Amino acid sequence: MENARFGDRAGISAGDAACADGRIRRKRLDIGDVVAGQGSMTLHTLLGSCVAVCLRDPVSGVGGMNHILVPSSTTDVCWTTRCGVQAMELLINEVMKLGADRRRLVAKAFGGANVLQGFQSPTVGELNASFVRQFLQDERIPLVAERLGGISAVTVCFYLDSGEVIVRSVDGSRLPAILCKEATYYATGATSRFRIEEPILF
Amino acid sequence: MMGLALREGGFDVVEAENGEEALAKLGSTAVDLIVTDLNMPVMDGIRLIESVRREPALQRTPILMLTTEGSEVKKQQGTAAGATGWITKPFDPDKLMATVAKVLG
């Protein structure tokens, strides 16, 4: 099983779990992460106003997930994986790199709840949900399941071997922590710790 | 996203969904620069570059590879095929435009 990960942090982190042979079978995604893999691997994340898109090629079994904070920054197109366009493009590339056929990809999308109330109108969650639907439509990737919007933060668990996703509403006690994290990331905007490589001319 | 960045930089952009479609468009449209992804359906970026370099009219056209792939092996394949440069995603639009300006001389 191969897997690849982009994001602000790399490697195994708290919330991940590995098999006895060291292969990662359960991976937690944080804001800005993009992870692809196949086989008996589970990707999970916690979403408030953020959205996560699960992509999968049902023939090869390759799939992946991202965790998008905002569609783009408020002032300009955002170029880190916290932002939708970049995160979606990287996710598509990562699953293709592992053998997925772009023409067979199907998507499931979750999150985009109105938990950052008072920030703006439309809310960040609404903007995220709208972005994801539009992006997938433009790229002709079928959105076969979604739970976008609402007022509840959710946990998402994506089983790559079957393509199933289990979504659960989060109890209110976890909401302050989610709000704090998303608001902090939102406030810092494009000042990402993500490393951008220098272009190379041969 | 690439098209957006280039258009904002004042360029006219012709887009294609894969290498085969790009080759067809290159047959009927004169371009100053080619930017291609590596992983594409139908025909990948390396095969596209190889095909482009076989066309006498396109042998000197700069080609930038824009991809999430950053391994040295892939970069060597790109060089061997005839790529002019390599930009790893995610990219900084200012650096992209500086690179484009450089290769267009």
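Structural data are supplied above this passage.
Residues numbered from 1 in each chain as written. Chains lettered and ligands numbered in written order. Predicted model: local features only at pLDDT ≥ 70, side-chain atom pairs only at ≥ 80, totals over all residues. Heavy atoms only, no water.

K.L.:
Explain the overall build of chain A here, please?
P.N.:
Within chain A, the regular secondary structure consists of three helices and twelve strands. The 202 residues of chain A split such that 51% are buried. Sequence separation of 24 or more characterises 66% of the internal contacts of chain A that already satisfy a separation of 6 or more. Approximately 8800 Å² of chain A is accessible, and the part contributed by carbon and sulfur atoms is 51%. (Helix = DSSP H or I, 4+ residues; strand = E, 2+ residues; numbered from the N terminus. Buried < 20%, exposed > 50% of the residue type's maximum accessible area, 1.4 Å probe, protein only. Contact = heavy atoms within 4.5 Å. Areas by Shrake-Rupley, 256 points an atom, 1.4 Å probe, with all protein chains shown as cover.)

K.L.:
Looking at this structure, I do not really get the interface of chain B and chain A. What am I missing?
P.N.:
For an interface, size is often stated in terms of accessible area lost upon the parts coming together. The interface is formed by 30 residues belonging to chain B together with 23 residues belonging to chain A. At the boundary of chain B with chain A, total buried surface from both sides reaches about 2500 Å², with 64% on carbon and sulfur atoms. Three residues, Met1, Thr68 and Pro90 of chain B, lead the burial of chain B against chain A; their summed loss comes to 27% of the area buried on that side. Our count for the chain B to chain A interface comes out at three salt bridges. We note a salt bridge from lysine 89 of chain B to glutamate 89 of chain A, for which the minimum N-O separation is 2.8 Å. Taken together, chain B and chain A are joined by eight residue pairs in polar contact (both at pLDDT 80 or more). (Buried area = accessible area lost by both parts, 1.4 Å probe. Salt bridge = Lys/Arg side-chain N within 4 Å of Asp/Glu carboxyl O. Polar contact = N/O pair within 3.5 Å; in protein donor to acceptor, adjacent residues only side chain to side chain.)

K.L.:
Sorry if this is basic, but what is going on with the pairing of strand S8 (residues 106-111) of chain A here?
P.N.:
Each regular strand displays side chains that alternate between the two surfaces of the sheet. Across six bridges, strand S6 (residues 51-56) of chain A lies against S8 of chain A in antiparallel orientation. Note on S8 of chain A: the bridge partner recorded for valine 51 of chain A is glycine 111 of chain A. (Pairing = 2+ DSSP bridges.)

K.L.:
Before we go on, may I ask you to explain the pairing of strand S7 (residues 63-66) of chain A in this structure?
P.N.:
Residue and element names in this part refer to chain A. A two-sided burial pattern is seen for S7, the buried positions comprising Gly63 and Met65 on one face and Gly64 and Asn66 on the other. Alignment of strand S4 (residues 34-37) against S7, held across four bridges, turns out to be antiparallel. Paired with alanine 36 across the bridge in S7 is glycine 64. Of the strand pairs in this sheet, S6 and S7 are connected by three bridges, and their pairing is antiparallel. Pairing of arginine 56 across the sheet is with glycine 63, part of S7.

K.L.:
I'm lost on the side chain of threonine 88 of chain B in this one. Help?
P.N.:
When you line up the elements, threonine 88 of chain B lands in strand S3 (residues 85-88). Side chain to side chain, threonine 88 of chain B and glutamate 197 of chain A meet in a polar contact 3.5 Å long. In contact with threonine 88 of chain B, other than residues within four places in its own chain, are Glu197 of chain A together with Thr67, Thr68, Glu69 and Gly70 of chain B.

K.L.:
Where do I start with the packing of helix H1 (residues 84-97) of chain A against helix H2 (residues 124-138) of chain A in this structure?
P.N.:
A pair of packed helices is characterised by two quantities: the angle between their axes and the separation of those axes. Residue and element names in this part refer to chain A. Running from N to C, H1 and H2 point in directions that differ by 45 degrees, and their axes come no closer than 11 Å. The angle between H1 and H2 falls in the class oblique. Between H1 and H2 the crossing geometry is right-handed. Mapping the contact onto sequence places Gly84, Val85, Met88 and Ile92 in H1 and Phe131, Phe135 and Leu136 in H2. Per-class residue counts for the contact of H1 with H2 are six nonpolar, one polar and no charged. (Axes fitted to C-alpha atoms, helices over the stretch in contact; angles between N-to-C directions. Parallel < 35°, antiparallel > 145°, perpendicular 65-115°, else oblique. Left-handed = near helix turned anticlockwise from the far one by under 90°. Nonpolar A, V, L, I, M, F, W, Y, C, P; charged D, E, K, R; others polar.)

K.L.:
What is the right way to look at unusual backbone geometry in this model?
P.N.:
The general pattern is negative phi for most residues beyond glycine and trans for most peptide bonds. Residue and element names in this part refer to chain A. Of note, the phi angle at arginine 140 is positive, near 55 degrees, even though the residue is not glycine. Assignment of secondary structure puts arginine 140 in the loop between H2 and strand S9 (143-148). For arginine 140, a relative accessible area of 59% puts it in the exposed group.

K.L.:
Is there a simple way to think about the packing of helix H2 (residues 19-28) of chain B against helix H3 (residues 45-54) of chain B in this case?
P.N.:
Residues and elements named next belong to chain B. The geometry of H2 relative to H3 is characterised by a closest axis approach of 9 Å and an angle of 20 degrees between their N-to-C directions. In terms of orientation, H2 and H3 fall into the roughly parallel class. Note that H2 runs across H3; the crossing there is right-handed. The residues of H3 that touch H2, namely those facing Gly19, Ala22, Leu23 and Leu26, are Leu48, Ser51 and Val52. Class assignment for the residues of the contact of H2 with H3 results in five nonpolar, two polar and no charged.

Keep in mind these numbers describe shape, not what the thing actually does.
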